[in-house]
Amino acid sequence: MHNIRKIAEDVIYVGASDRRLALFENVYPIERGVSYNSYVVLDESTVLLDTADHSVSREFLENVEAALGGRSLDWLIVNHMEPDHCSVIAEIVLRYPDVKIVGNQKTIQMIKQFFSFDVDSRAHIVKDGDTLTTGKHTFAFVFAPMVHWPEVMVTFDTSNGFLFSADAFGTFGALAGNIYADELDFEKEWLDDARRYYINIVGKYGVQVMNTLKKAATLPIKMILPLHGPIWRENIGWFISKYQTWASYTPEEKGLLIIYSTIYGDTANAVDVLAAAAAERGVRNIHMYDASKTDVSVLVSECFRYSTIVFASPTYNAEIFPKMEMLLSELRAHAFQKRDAAVIENGTWALSAGKKMSEILGSMKEINIIAPVLSIKSSLKEDQMGAIEEMADALSESVRG
Ligand SMILES: Cc1cc2nc3c(=O)[nH]c(=O)nc-3n(C[C@H](O)[C@H](O)[C@H](O)COP(=O)(O)O)c2cc1C
Ligand SMILES: [Fe+2]
Ligand SMILES: [Fe+2]
């Protein structure tokens, strides 16, 4: 049975959700699933904006058929060629052989790489700023390179102010009936996943996202219709401002984030002592994670959230403990910058984690190391309380400053 939703008189939601998938892109845990959104516009000619992932193809194809109500499909606009949105293109072409595929030069090239049907005879190639009129609707194509992939574009429907934003403004999390952000407690229940989605998927491309946001600022947007997660029709400015914060690598909150690794528990003990010292100095927004326990995608996202971060790790075979090393290299890969940080190392015979952690942090932009590296030999000792207090002073100043 189809499950389509009317968004406007002639705009229909035809997407579907997957709650089975454990790892998005086979790497990001998605306990709450994910939705693959797509949209049909019924104009003088008919339009489908993006397809969907294999996992929801049955629901998706049923939905498209129902939305078209017996009409054939004239246009398929491909905003993004990543397989989570394009794996059903060949099936669409089989069902609607006269469909014209709208995409830019790169998109069309990628379709040929992924598929072997005759693409050229169906291709309608657009350039940045081009428009397509289908009757009442005129669609303007705005290129958004690297707002996940190089071919990405967003499509702005100038007749109603709908921005089909591709992966931008998406979030992890399956939809359940309510398809609008204003029908959900987004800030409480969705923002963490929206942040984790943005940071991990496109966080590296802050500059490109800022460029796209600048282009978007010139458009009279009434609704944002992303490829994942709920649709935005209220409070759009609030969500755009979150994107501005994330894309500019600005901390979202003043707060102390402590991430540690530990084998036997002594590094954990040291950061507990440090957290207590920070709390006694009035620091309130303190969050602590064991890097072995919490998925690195959450840790990266939390690093983008807070202003002040402590990284603590034992030395492990003359290296940083692997989970901490992975976090630091992921942060570097996501162009992480503009934070205050402190480092704690531990080791029993030859300590080298601190130096190596400092090197990785030093290779990132504007990571300000605000206290000397604290070196623990197996366990924290009374005579190191002065160093702990000094670090707590610096952290407290950073969080309040
Ligand atoms: C596999 C393994 C490799 C280690 N390699 C080193 C090392 O290269 N240098 C060192 O000083 N300590 C090394 N250690 C010891 C730990 O870093 C040290 O015991 C530390 O105090 C553990 O802190 P924790 O109590 O937070 O787990 C190693 C421990 C393990 C299990
Ligand atoms: Fe994508
Ligand atoms: Fe996507």
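*Asks:* Before we move on, could you go through the packing of helix H7 (residues 206-217) against helix H8 (residues 236-247) and cite the residues and values that matter?
*Replies:* Packing of H7 against H8 brings their axes to within 9 Å, and their N-to-C directions diverge by 150°. At the point where H7 passes H8, the crossing takes the left-handed sense. Listed contacts from H8 to Gly206, Val209, Met210 and Leu213 of H7 are Ile240, Tyr243, Gln244 and Ala247. Residue composition of the contact of H7 with H8, grouped by class: six nonpolar, two polar and no charged.

*Asks:* I'd love a proper account of the coordination of the iron ion (ligand 2), names of residues and values included.
*Replies:* Angles between donor atoms at a metal ideally measure 109.5 degrees for a four-coordinate tetrahedral arrangement and either 90 or 180 degrees for a six-coordinate octahedral one. Protein-derived ligands of the iron ion (ligand 2) are His80 (NE2), Glu82 (OE), His148 (ND1) and Asp167 (OD), with the metal-ligand distances lying across 1.9 to 2.2 Å. The coordination sphere of the iron ion (ligand 2) comprises four donor atoms, whose angles at the metal cover 86 to 163°; the geometry is irregular. Separation of the iron ion (ligand 2) from the iron ion (ligand 3) amounts to 3.3 Å, with Asp167 serving as a shared donor to the pair. In this structure, His80 and Glu82 share a single accessibility class: buried.

*Asks:* Go over the packing of aromatic side chains, please, and point to the residues and values.
*Replies:* Each aromatic ring pair is characterised by the separation of its centres together with the angle its planes make. Enumeration over the complete set of coordinates arrives at 23 aromatic pairs. Ring geometry for Tyr13 and Tyr39: centres 5.8 Å apart, planes at 70°, overall edge-to-face. You can see Tyr13 sitting in strand S2 (residues 11-13) and its partner Tyr39 sitting in strand S7 (residues 39-42), a full 26 residues away along the chain. Accessibility assignment for this pair places Tyr13 and Tyr39 in one class, buried. Here the aromatic rings of Phe172 and Tyr197 are separated by 5.3 Å at their centres, their planes lie at 90°, and the arrangement is edge-to-face. Of this pair, Phe172 sits in the loop between strand S15 (162-164) and helix H5 (186-189) while Tyr197 sits in helix H6 (residues 191-202), placing them 25 residues apart in sequence. Of the two residues, Phe172 and Tyr197, neither departs from the other in class, the shared state being buried. Taken together, the ring pairs in this structure connect Phe169, Phe186, Trp190, Tyr198, Trp232, Trp238, Phe239, Tyr243 and Trp246 into an aromatic cluster.

*Asks:* Hey, could you go over the sheet that holds strand S1 (residues 5-8) for me, with residue numbers and the actual values?
*Replies:* Strands sit in the order S1-S2-S7-S8-S9-S10-S11 across an open sheet of seven strands; the sheet is mixed. Strands at the two margins of the open sheet, each flanked by one partner only, are S1 and strand S11 (123-125). The average angle at which neighbouring strand axes cross in this sheet is 25°, direction not considered. Bridging between strand S8 (residues 46-49) and strand S9 (residues 75-77) involves three bridges; their strand directions are parallel. Bridged to Val47 within S9 is Trp75. Strands strand S10 (100-103) and S11 of the sheet are contacted by helix H4 (residues 105-114), whose axis makes an angle of about 125° with S10.

*Asks:* Before we move on, can you summarise the coordination of the iron ion (ligand 3) with the specific residues and values?
*Replies:* Those donors, Asp84 (OD), His85 (NE2), Asp167 (OD) and His228 (NE2), are the protein atoms that reach the iron ion (ligand 3), and they lie 2.1 to 2.4 Å from it. Taken together, the four donor atoms coordinating the iron ion (ligand 3) and their angles of 86 to 174° define a geometry best described as irregular. Linear spacing of the donor residues for the iron ion (ligand 3) on their chain is D-H-x81-D-x60-H.

*Asks:* I'd like a description of the packing of helix H11 (residues 322-333) against helix H12 (residues 353-362), backed by residues and values.
*Replies:* In contact at an axis separation of 10 Å, H11 and H12 are set at 15° when each is read in the N-to-C sense. For the element pair H11 / H12, the angle class is roughly parallel. Considering only the axes of H11 and H12, their crossing is left-handed. From H11, Met324, Leu328 and Arg332 reach across to H12, where they touch Met357, Ile360 and Leu361. Split into classes, the residues belonging to the contact of H11 with H12 amount to five nonpolar, no polar and one charged.

*Asks:* Lay out the nonpolar core in plain terms, naming residues and giving numbers.
*Replies:* In terms of nonpolar packing, the biggest core is built from 118 residues, with Ile7, Ile89, Ile111 and Phe311 touching the most fellow members. Counting residues per element, this core draws most heavily on H6, at seven residues. Shared between two domains, this core holds at least three residues of each, these being domain 1 (5-247) and domain 2 (253-400). When near neighbours in sequence (up to four residues on either side) are disregarded, Phe311 contacts Ile259, Cys303, Met324, Leu327, Leu328, Leu331, Ala341, Ala342, Val343, Ile344, Met357 and Leu361. Among the nonpolar cores identified, the runner-up in size contains 25 residues, and Val310, Ala312, Ala342 and Ile376 belong to it.

The rules behind each value
Residues numbered from 1 in each chain as written. Chains lettered and ligands numbered in written order. Predicted model: local features only at pLDDT ≥ 70, side-chain atom pairs only at ≥ 80, totals over all residues. Heavy atoms only, no water. Axes fitted to C-alpha atoms, helices over the stretch in contact; angles between N-to-C directions. Helix = DSSP H or I, 4+ residues; strand = E, 2+ residues; numbered from the N terminus. Left-handed = near helix turned anticlockwise from the far one by under 90°. Contact = heavy atoms within 4.5 Å. Nonpolar A, V, L, I, M, F, W, Y, C, P; charged D, E, K, R; others polar. Donors = N, O, S within 2.8 Å, 3.2 Å for Na, K, Ca; no water. Tetrahedral: all angles 85-135°; square planar, octahedral: opposite > 155°, others 65-115°. Buried < 20%, exposed > 50% of the residue type's maximum accessible area, 1.4 Å probe, protein only. Phe/Tyr/Trp six-rings, centres within 6.5 Å; stacked < 30°, edge-to-face > 60°. Pairing = 2+ DSSP bridges. Parallel < 35°, antiparallel > 145°, perpendicular 65-115°, else oblique. Core = buried A, V, L, I, M, F, W, Y, C linked by side-chain atoms within 4.5 Å. Domains from an automatic or database assignment.

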